[in-house]
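In case you want the letters, here they are:
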Amino acid sequence: MDTAQKQIKSKHQVVKDTYKICPKCGNFIIYIDKEKYCSVCGSEYIEMCPSCHEPIIYPVSRFCPVCGKQLINAE
Ligand SMILES: [Zn+2]
Ligand SMILES: [Zn+2]
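Just so you know, these numbers come straight off a predicted model, no measurement behind them.

What follows deals with the coordination of the zinc ion (ligand 2). Protein-derived ligands of the zinc ion (ligand 2) are Cys49 (SG), Cys52 (SG), Cys64 (SG) and Cys67 (SG), with the metal-ligand distances lying across 2.2 to 2.3 Å. Around the zinc ion (ligand 2) sit four donor atoms, and with donor-metal-donor angles ranging over 107 to 115 degrees the site reads as tetrahedral.

Given below as structure tokens:
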């Protein structure tokens, strides 16, 4: 048993940075921000992949790394 690793785990619970991204222009903010709409183009941010509902961990990604769905400029 690796007790050191266990301690780290209990200390840092769910500290995973997730982001909201603008599906139109690619602008992004961190998830805890209250903003709902993109300050650049006014579109509503998406906070997860619309296809597989994975949270967005890489704010610059144009495609979902899990399912390959295009997140930005989908239309
Ligand atoms: Zn935008
Ligand atoms: Zn996905």
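Now, onward.
The next subject is the side chain of Lys20. With respect to the element layout, Lys20 can be found in strand E1 (residues 19-21). Put simply, Lys20 is tucked away with no salt bridge, and the nearest opposite charge, on Glu47, sits 4.5 Å away. Within the structure, Lys20 has its side chain in polar contact with the backbone oxygen of Asp33 (distance 3.0 Å). Polar side-chain contacts of Lys20 include one of 3.2 Å to the backbone oxygen of Glu35. Among all residues touching Lys20, those that are not within four sequence positions of it are Asn27, Phe28, Ile29, Tyr31, Asp33, Lys34, Glu35, Tyr45, Ile46 and Glu47.

Now for the coordination of the zinc ion (ligand 1). The coordination sphere of the zinc ion (ligand 1) contains the protein donors Cys22 (SG), Cys25 (SG), Cys38 (SG) and Cys41 (SG), at a distance range of 2.2 to 2.3 Å. Between consecutive donor residues of the zinc ion (ligand 1), the sequence gaps follow C-x2-C-x12-C-x2-C. Of this pair, Cys25 sits in the loop between E1 and strand E2 (28-30) while Cys41 sits in the segment after E2, and the two are 16 residues apart along the sequence. Judged by relative accessible area, which is 35%, Cys25 ranks as partly exposed. Classification of Cys41 as partly exposed rests on a relative accessible area of 35%.

Reading the values: the criteria
- Residues numbered from 1 in each chain as written.
- Chains lettered and ligands numbered in written order.
- Predicted model: local features only at pLDDT ≥ 70, side-chain atom pairs only at ≥ 80, totals over all residues.
- Heavy atoms only, no water.
- Donors = N, O, S within 2.8 Å, 3.2 Å for Na, K, Ca; no water.
- Tetrahedral: all angles 85-135°; square planar, octahedral: opposite > 155°, others 65-115°.
- Helix = DSSP H or I, 4+ residues; strand = E, 2+ residues; numbered from the N terminus.
- Buried < 20%, exposed > 50% of the residue type's maximum accessible area, 1.4 Å probe, protein only.
- Lys, Arg positive; Asp, Glu negative; His and termini not counted.
- Salt bridge = Lys/Arg side-chain N within 4 Å of Asp/Glu carboxyl O.
- Polar contact = N/O pair within 3.5 Å; in protein donor to acceptor, adjacent residues only side chain to side chain.
- Contact = heavy atoms within 4.5 Å.

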